[in-house]
Amino acid sequence: MSVIINDTCINCGACIDECPVEAIVDEDDNPEDEDIYYVYSDKCVECVGHHDEPACATACPTEGCITWDQIGGSPEHRDDVTQDQRDNLESVVE
């Protein structure tokens, strides 16, 4: 996975509208049956080639809701994000 939405998600929909590759689904389509939005790791490109930083995190009104996660099957990812940031699930935007 590239970014992950954690359980502080308030299901507002801001991230879905901003995702340029439609990698985010709402709680009704969350494959893990959790009541939060979900990012498909094989679709998320961390907005590489689209925005300076992941647009979902910029649009999210909940501080720390969207964090970095391990690189999965996504076709692209940011080279400026360290492994420590991913291991520690650091917030995408401060």
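Rules behind the numbers
Residues numbered from 1 in each chain as written. Predicted model: local features only at pLDDT ≥ 70, side-chain atom pairs only at ≥ 80, totals over all residues. Heavy atoms only, no water. Salt bridge = Lys/Arg side-chain N within 4 Å of Asp/Glu carboxyl O. Helix = DSSP H or I, 4+ residues; strand = E, 2+ residues; numbered from the N terminus. Buried < 20%, exposed > 50% of the residue type's maximum accessible area, 1.4 Å probe, protein only. Core = buried A, V, L, I, M, F, W, Y, C linked by side-chain atoms within 4.5 Å. Contact = heavy atoms within 4.5 Å. 1 Å grid on protein atoms, 1.4 Å probe; cavity = no way out; pocket = protein on both sides within 12 Å on 5 of 7 lines; lining within 4 Å. Points joined across faces, edges and corners; volume = space filled by probe spheres on them. Nonpolar A, V, L, I, M, F, W, Y, C, P; charged D, E, K, R; others polar. Phe/Tyr/Trp six-rings, centres within 6.5 Å; stacked < 30°, edge-to-face > 60°. Lys NZ or Arg CZ within 6 Å of the ring centre and 35° of its normal.

Participant: I'm lost on the pattern of salt bridges in this one. Help?
Facilitator: One side chain can pair with another of opposite charge once the charged atoms of both are near each other. All told, the structure shown has one salt bridge when counted by the stated rule. Arg-86 is the salt-bridge partner of Glu-46, the closest N and O atoms lying 2.8 Å from each other. Separated by 40 residues along the polypeptide, Glu-46 in the loop between β3 (38–39) and α2 (55–59) and Arg-86 in helix α3 (residues 83–87) bring together distant segments of the chain. You'll find Glu-46 and Arg-86 in the same group, each marked buried.

Participant: Would you take a moment to explain the nonpolar core for this structure?
Facilitator: One finds Val-3, Ile-5, Cys-15, Ile-24, Val-39 and Ile-66 to be the most contacted residues of the largest nonpolar core, which totals 19 residues. Broken down by secondary-structure element, the contributors of at least two residues to this core are β1 (3–5), α2 and β4 (66–68).

Participant: Would you take a moment to explain the environment of His-50 for this structure?
Facilitator: Topologically, His-50 is positioned in the loop between β3 and α2. With 34 residues separating them along the chain, His-50 and Asp-84 place their C-alpha atoms 24 Å apart. Leaving out residues up to four positions away in the same chain, His-50 has contacts with Pro-20, Val-21 and Val-45.

Participant: Where do I start with empty space enclosed by the protein in this structure?
Facilitator: Empty space among the atoms becomes visible once a probe the size of a water molecule is rolled across them. One pass over the structure, following the stated rule, counts two cavities of 30 Å³ or more. One number sums up the size of the largest cavity: a volume of about 80 Å³. Contributing to the lining of the largest cavity are 13 residues, with Cys-19, Cys-44, Glu-46, Cys-47 and Cys-56 lying nearest its centre. Partitioning the lining of the largest cavity into residue classes produces 12 nonpolar, no polar and one charged. Roughly 70 Å³ of volume is contained in the second largest cavity. For the second largest cavity, the lining is made up of 14 residues, of which Cys-9, Cys-12, Cys-15, Cys-60 and Cys-65 are closest to its centre.

Participant: Just checking my understanding: could you explain the environment of Cys-15 for this structure?
Facilitator: By the secondary structure assignment, Cys-15 is in helix α1 (residues 14–18). Discounting chain neighbours no more than four positions away, the residues touching Cys-15 are Ile-5, Ile-24, Tyr-37, Cys-56 and Ile-66.

Participant: I would appreciate a short explanation of the side chain of Thr-67 in the present structure.
Facilitator: The residue Thr-67 is located in strand β4 in this model. Thr-67 has contacts with Ser-2, Val-3, Ile-4, Asn-6, Leu-89, Glu-90, Ser-91 and Val-92, leaving out every residue within four places of it along the chain.

Participant: I would appreciate a short explanation of the packing of aromatic side chains in the present structure.
Facilitator: Aromatic ring pairs are described here by two measures, namely the spacing of the ring centres and the angle between the planes. As enumerated under the stated definition, the model contains one aromatic pair in all. Relative to Tyr-40, the ring of Tyr-38 lies with its centre 5.0 Å away and its plane at 80°, an arrangement referred to as edge-to-face. The lysine or arginine in question, Lys-43, covers the ring of Tyr-40, its NZ or CZ lying 5.7 Å from the ring centre.

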